[in-house]
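Summary of structural features
Residue strings, one per chain:
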Amino acid sequence: MDTDFYKEKVLEQLNDEEYYKQITNNPDKATKKRLKKLIKDYDQCLTEKEIAYLCDFDPKESNFYGLPKVHKSAQIQNTVRDQNNIYVETFRPADLKLRPIIAGPESLTQRLSHFIDLVIKHLCPSIPSYIKDDMEFLNHIPAIVPEETLLTSFDVRSLYRNIPHNLGFTLKSEHDYFNIRGE
């Protein structure tokens, strides 16, 4: 993919006002203040080393980039099918989409996310619906399923972009979500 085409695709995505909006101020200072207050409010639950890990570092801005979804482009699929070559060339497929990635290995909330992951990952196996990996899933499904069984799969488009922020902040449980949706 040439650089100009990639830049066009990234800008096409970022200019989608349904999901993205340009901000004029950097919210990092306010976020850092809220993060420190949160940690101070719960400091009795944390060790000194945990507090230092969560607070004492210089965060860096995250980077946005997109991974091409070549497997979802009909134009690319047709080109692969039609060209009987090891190397397949197609010029700027119009239906090519990018999977948005925000890389923030040293972002303001990265350490808090890492800490929460460390705390809850030991709790997950006690959840009845927890399945560790694909092999465990295969061990859970029966060897023979009734003929009337309907096997389904879902392809979620833009999962995180499609969760309304206000809804995400206000839901207390999965039960609330299904009540809102009328299910």
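All figures in this text were calculated on a predicted structure; none of them were measured in a lab.

This brings us to the overall build of the protein. Counting its secondary structure elements, the protein contains eight helices and two strands. Listing every helix and strand of the protein by position from the N terminus yields α-α-α-β-α-β-α-α-α-α. Here the protein holds 183 residues, and 13% of them are scored as buried. Working note: accessible area of the protein is about 16,000 Å², and carbon and sulfur atoms make up 56% of it.

Within the largest apolar cluster, six residues are counted, these being Leu35, Ile39, Leu46, Leu54, Cys55 and Phe115. Those elements giving two or more residues to this core turn out to be helix H2 (28-41) and helix H3 (48-55). Once residues within four sequence positions are removed from consideration, Cys55 is found in contact with Lys36 and Ile39.

Considering all chains together, one arrives at six salt bridges under this definition. As a salt-bridge pair, Arg81 and Asp82 come within 3.5 Å of each other at their nearest N and O atoms. Accessibility expressed as a relative area gives 60% for Arg81, which makes it exposed. Asp82 sits in the exposed class, given a relative accessible area of 56%.

So, about a nonpolar patch on the surface. Together, Ile131, Met135, Phe137, Leu138 and Ile141 line one region of the surface with nonpolar side chains, adding up to about 450 Å² of accessible area. Structurally, Met135 is set in helix H6 (residues 134-140).

Turning our attention to the packing of H2 against H3. Packing of H2 against H3 brings their axes to within 11 Å, and their N-to-C directions diverge by 175°. The angle between H2 and H3 falls in the class roughly antiparallel. Across from Leu35, Lys36 and Ile39 in H2, the residues of H3 making contact are Ile51, Leu54 and Cys55. Among the residues making up the contact of H2 with H3, the classes are represented as five nonpolar, no polar and one charged.

Positive phi values are uncommon outside glycine, yet Arg92 reaches one of about 45°. Here Arg92 is to be found in the loop between helix H4 (74-82) and strand E2 (98-103). Note on Arg92: relative accessible area 26%, which makes it partly exposed.

The next thing to look at is the confidence of the model for the protein. Overall, the predicted model of the protein reaches an average pLDDT of 85, with 86% of residues at or above 70. Here residues 173-183 is modelled with pLDDT under 50, and outside its nearest four sequence neighbours on either side it reaches six contacts, counting other chains as well.

Turning next to the packing of H3 against helix H5 (residues 110-120). Interaxial distance between H3 and H5 falls to 8 Å at its minimum, and their mutual angle equals 140°. By the angle class used here, H3 and H5 are oblique. Contacts between H3 and H5 involve Glu50, Ala52, Tyr53 and Leu54 from the former and Arg111, Leu112, His114 and Phe115 from the latter. Along the lines of polarity and charge, the residues of the contact of H3 with H5 split into five nonpolar, one polar and two charged.

It is worth spelling out the environment of Ser113 at this point. You can see Ser113 is positioned in helix H5. Spatially, the C-alpha atom of Ser113 lies 9.6 Å from that of Leu54, the residues being 59 residues apart in sequence.

One full turn of an α-helix is made of 3.6 residues, so residues set three or four places apart face in the same direction. Taking 1.5 Å as the rise per residue, helix H1 (residues 3-14) with twelve residues should run 16 Å; its terminal C-alpha atoms sit 16 Å apart, in good agreement. Along H1, the positions that sit buried rather than exposed are Phe5, Lys9, Val10 and Gln13. Relative to the axis of H1, the buried residues are bounded by an arc of 135° and lie together on one face. Against strand E1 (63-68) and E2 lie the buried residues of H1. The distance from a side-chain oxygen at the start of H1 to the backbone nitrogen of Asp4 is 3.2 Å, and the residue carrying that oxygen is Asp2.

Calculation notes
Residues numbered from 1 in each chain as written. Predicted model: local features only at pLDDT ≥ 70, side-chain atom pairs only at ≥ 80, totals over all residues. Heavy atoms only, no water. Helix = DSSP H or I, 4+ residues; strand = E, 2+ residues; numbered from the N terminus. Buried < 20%, exposed > 50% of the residue type's maximum accessible area, 1.4 Å probe, protein only. Areas by Shrake-Rupley, 256 points an atom, 1.4 Å probe, with all protein chains shown as cover. Core = buried A, V, L, I, M, F, W, Y, C linked by side-chain atoms within 4.5 Å. Contact = heavy atoms within 4.5 Å. Salt bridge = Lys/Arg side-chain N within 4 Å of Asp/Glu carboxyl O. Patch = residues over 30% accessible without salt bridge, like charges linked within 9 Å, V, L, I, M, F, W, Y side chains within 5 Å. Axes fitted to C-alpha atoms, helices over the stretch in contact; angles between N-to-C directions. Parallel < 35°, antiparallel > 145°, perpendicular 65-115°, else oblique. Nonpolar A, V, L, I, M, F, W, Y, C, P; charged D, E, K, R; others polar. pLDDT = per-residue confidence, 0-100. Expected span 1.5 Å × (residues − 1). Arc of directions from axis to C-beta. Polar contact = N/O pair within 3.5 Å; in protein donor to acceptor, adjacent residues only side chain to side chain.

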